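Residue-level structure breakdown
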Amino acid sequence: NKGITVMVHIVLDTDGGIARRRLEEDQNDNNNNNQNNNAEEEVYQYPTYVDKNGNTVTSYRTMYQIQLYNITLWTAIGLASILFITNLMTVRMPLMPDTLLFGESAKMVAE
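For clarity, every value in this text was computed on a predicted model and none was experimentally measured.

Parameters at a glance
Counting from 1, residues in each chain are numbered in the order their sequence is written. In keeping with the model being predicted, local features are shown solely for residues with a pLDDT of at least 70 and side-chain atom pairs are shown and tallied solely at 80 or more, while totals for entire chains, interfaces and linings include all residues. Just so you know, side-chain values use all the structure's heavy atoms and leave hydrogens and water out. Helical segments are the DSSP runs of H or I of at least four residues, strand segments are the runs of E of at least two, and each set is numbered from the N terminus. Note on classification: 1.4 Å probe, protein chains only; a residue is buried when its accessible area is under 20% of the maximum for its type, exposed when over 50%, partly exposed between these limits. Contacts are assigned to residue pairs with any non-hydrogen atoms lying within 4.5 Å of each other. Nonpolar side chains (Val, Leu, Ile, Met, Phe, Trp, Tyr) within 5 Å and like charges within 9 Å form the patches, drawn only from residues with over 30% relative accessible area and no salt bridge. Surface accessibility follows the Shrake-Rupley procedure with a 1.4 Å probe radius. Residue values consider only the protein chains on display as shielding. Whenever Lys or Arg places a side-chain nitrogen within 4 Å of a carboxyl oxygen from Asp or Glu, that contact is recorded as a salt bridge. You can read pLDDT as the predictor saying how much it trusts each residue, on a scale of 0 to 100.

1. Quick notes on the overall build of the chain
Summing up its helical and strand segments, the chain has 3 helices and 2 strands in all. From first element to last, N terminus to C terminus, the chain shows the α and β order α-β-β-α-α. Relative to its 111 residues, the chain shows a buried fraction of 2%. Within the chain, counting contacts between residues at least 6 apart in sequence, those at least 24 apart form 17% of the total.

Structural data, given as structure tokens:
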């Protein structure tokens with residue numbers, strides 16, 4: 001049995017801005033420092049970047065985007081399954097002679 005070693009390199013390109021992810025230890029150390037200093041409030045910063053047009057872009061989705069995606073996905077799955085089932089039922093429908101189409105009921109009434 002050979003052990004497999006996987007190395008992951010993360011490269012983050014920021015245009016002069018600071019975008020970093022803090023670990024739990026760093027937050028505890030910073031919280032201790034902030035309790036002593038009470039100078040500034042800590043806020044978690046999402047990894048973002050600024051594109052050519054000056055728009056801030058993040059890979060995280062808002063709650064609205066997640067809800068819209070789920071509603072659209074499950075509605076599409078439901079409609080596709082209903083369409084498939086109705087087509088299957090139509091194909092498997094038994095063939096019977098139709099008395100209304102050929103006027104058999106009218107002949108019976110006339111007699």
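2. A few points about a nonpolar patch on the surface
Among the surface-exposed residues, I4, V6, V8 and I10 lie close enough to one another that they form a single nonpolar patch of about 540 Å² accessible area. One can find V8 in the segment before α1 (24-37). Taking relative accessible area as the criterion, V8 reaches 67% and is therefore assigned exposed.

3. A short note on the confidence of the model for the chain
Residues with a pLDDT of 70 or more make up 54% of the chain, whose mean pLDDT is 75. The least confident element of the chain is α1, whose mean pLDDT is 55; the most confident is helix α2 (residues 63-91), at 96.

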